[in-house]
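# Residue-level structure breakdown
Now for the letters of each chain:
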Amino acid sequence: MSIADFDTIDDTQIAPQERSRTVPSLSRRGFLTPLLLPVSLSALLGVWGIRRDGTLWHDEAVTLELASRSLPDLWQTLGNIDAVHGAYYFLMHGLFGLFGTDLLVLRLPSVLAGALATAGVTALGVRLSGTRAGILAGLSFAVLPDVQRYSQEGRSYSLVCALVVWATYLLVRAVLGCRAPEITGRRSSMVPWIAYGALMLAACILHQFAAFALIAHAFALPTYARRPWAYTALLVAAGVAPLAALGMAQSGQVAWIDGVTGSEYQRFAVLVSFAILLSYLASSGNAGKVSPEAPFSLRAIALPLFILPTALLMLISLYKPLYVERYVLYGLVGLALLLGAVLDRMPELGRNLRVATVIVVALAIALLVPESLRLRAPESRSDNVTDLAISLSREYAPGDGILYLSVKRRAWSLAYPSVNRGMFDIAQELTPAASHDLYGTELPSPQIHARMRSSPRILVVTEPVGHRIESSGTEMMKERVLAEYFTKGRTIRINGARVIIYEPRTTATEAELVVP
């Protein structure tokens, strides 16, 4: 049996007595070697510039603060907000307890998950399209900008991606097992289906939108594998249903998500067109890399995995805006598999297509270098809570008051409680930790009004220019008091926020305003 036969998983052509002797040997010898280069690249990109000058952005600050709470406090908090990320917070709570809350501890799990996802893409590519295609797919995945970004962030998206890609790999194994009775005369094993279901359940518990991968998988299945897949999918759905119901009850906390914009639809349409072109190129010419006896071709799983999760999330967002690209990061696995297959088949393409492909690859590499540098700069993330903490600590003087124009903006203070501890938060009644949420509890409007009037100076934390501010009665009262009794002074602009300094409007100040 040739190595090409192993790469294409054409195990239907191996006699049963030969399979037990040959396949394990090839598997042991050939499985890990193709993973080395893509995984090494992913790990290097992950640790490169991982600290970003010691800055945090909003979502990472939430991870740091919530996962640092005691287990009873965290459990109670998840009953109020962010239950969809609860499993990730518990995981990080354990790591913080063992290793502390340094930025490396916050981000290294995502680096490791990114490397694990890259290994999965490589293994899947090898399994479906050959060794070289698998390695090229893994390398392509590792350098994708969004993969680089979320492999360096203290959030769950890279972990979800790793679980989905290895679940997809196990799905291929499970589908192959469905043919075992025809080949060996022995009953097929349920172990791959159990492992597949376990990984998909873990992915869905970490983030419920991983369930869209199940639907993508359904589109790739041959008829004979649909029944065991359906049983597995139902068990996964039943397992994640209570958490999904709780997440729906807390959906008000994602009210910040706007509807899908025209530019986002346009970008997705362009990417879908590109993926379809890659799919065509991957199957053109000598398409024999995937055996007709294999359960499905690479493009049969890659296209649905890339297109369907994003398309479904966009469709749901027509009813309730929920579309954020990182929620379906794992869809990039499909794009990387197609890229690997096309790059592998470059020698088989016509001369003009080969030249065009080389030009496109060269341009992509030229664009990736500055983008990779940008992703490791502090300015690459919105809502830089580190800059906010530095600005407030520099400007704050004893007697000043801090005022958040929106209660939700108080979450910016989560990462640096020591900085905010000595500052007077004018509107706050209970801290976020004491109220078991992200924002804390605010005083009644009359008390906030009185505190504002008695403040010698107010440092107002608000949104950047052009971003909407919640228009509740309390927020409107805050703005009205500032306009009537205070003079707007210097504005400090930071990434994702503004700090505006307000001085009391005294008689002397008013006189200065009208003197030419």
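Residues numbered from 1 in each chain as written. Predicted model: local features only at pLDDT ≥ 70, side-chain atom pairs only at ≥ 80, totals over all residues. Heavy atoms only, no water.

## Some remarks on the overall build of the chain
Counting its secondary structure elements, the chain contains 24 helices and six strands. A burial count over the chain gives 52% of its 516 residues as buried. Contacts spanning at least 24 positions in sequence make up 77% of the contacts within the chain whose residues lie at least 6 apart. Total accessible area on the chain is roughly 23,300 Å²; 64% of this is exposed by carbon and sulfur atoms. (Helix = DSSP H or I, 4+ residues; strand = E, 2+ residues; numbered from the N terminus. Buried < 20%, exposed > 50% of the residue type's maximum accessible area, 1.4 Å probe, protein only. Contact = heavy atoms within 4.5 Å. Areas by Shrake-Rupley, 256 points an atom, 1.4 Å probe, with all protein chains shown as cover.)

## Section: the packing of aromatic side chains
In the structure shown here, the tally under the stated rule is eight aromatic pairs. Seen from their ring centres, phenylalanine 209 and tyrosine 327 are 5.8 Å apart, and the 40° between their planes marks the pair as tilted. Within this pair, whereas phenylalanine 209 is found in the loop between helix H12 (191-206) and helix H13 (212-220), its partner tyrosine 327 is found in the loop between helix H16 (298-317) and helix H17 (332-344), the two being separated by 118 residues in sequence. For tyrosine 327, a relative accessible area of 10% puts it in the buried group. Ring pairing ties together the aromatic residues Tyr150, Tyr157, Phe209, Phe212 and Tyr327, which thus form one cluster. Looking at arginine 453, its charged tip hangs above the ring of tyrosine 485, at a distance of 3.8 Å from the centre. (Phe/Tyr/Trp six-rings, centres within 6.5 Å; stacked < 30°, edge-to-face > 60°. Lys NZ or Arg CZ within 6 Å of the ring centre and 35° of its normal.)

## Quick word on H16
For H16, spanning 20 residues, the distance from its first C-alpha to its last is 29 Å, which sits close to the expected 28 Å at 1.5 Å a residue. At leucine 308, H16 shows its strongest bend, of approximately 30°, with the proline proline 309 following within four residues. When you tally the buried positions in H16, you get 14 out of 20 residues, the bulk of the element. (Expected span 1.5 Å × (residues − 1). Bend = angle between axes of the 7 residues up to and from the residue.)

## Considerations on the pairing of strand S5 (residues 486-494)
Pairing geometry for S5 and strand S6 (residues 497-504), over seven bridges, is antiparallel. Each bridged residue has a counterpart across the sheet, and for phenylalanine 486 the counterpart in S6 is proline 504. Counting the residues between successive antiparallel strands, the hairpin from S5 to S6 contains two residues, one of them, glycine 496, with a positive phi of roughly 95°. (Pairing = 2+ DSSP bridges.)

## Regarding the nonpolar core
Generally speaking, soluble globular proteins have nonpolar side chains that are buried together. Within the largest apolar cluster, 122 residues are counted, with the highest numbers of intra-cluster contacts made by Phe141, Trp193, Tyr196, Tyr330 and Leu392. It is helix H10 (residues 157-178) that provides the largest number of residues to this core, a total of 18 residues. Among all residues touching tryptophan 193, those that are not within four sequence positions of it are Leu171, Ala174, Val175, Cys178, Ala225, Pro228, Trp229 and Thr232. Core analysis: the second largest hydrophobic core is formed by 15 residues, Leu403, Val481, Leu482 and Ile500 among them. (Core = buried A, V, L, I, M, F, W, Y, C linked by side-chain atoms within 4.5 Å.)

## Here we look at helix H4 (residues 58-67)
Burial within H4 is extensive, with ten of its ten residues counted as buried. Here H4 has its buried residues at His58, Asp59, Glu60, Ala61, Val62, Thr63, Leu64, Glu65, Leu66 and Ala67. Turning to H4, the residues buried within the fold contact helix H5 (71-78), helix H6 (86-99), helix H7 (103-129), helix H19 (385-395) and helix H21 (432-435).

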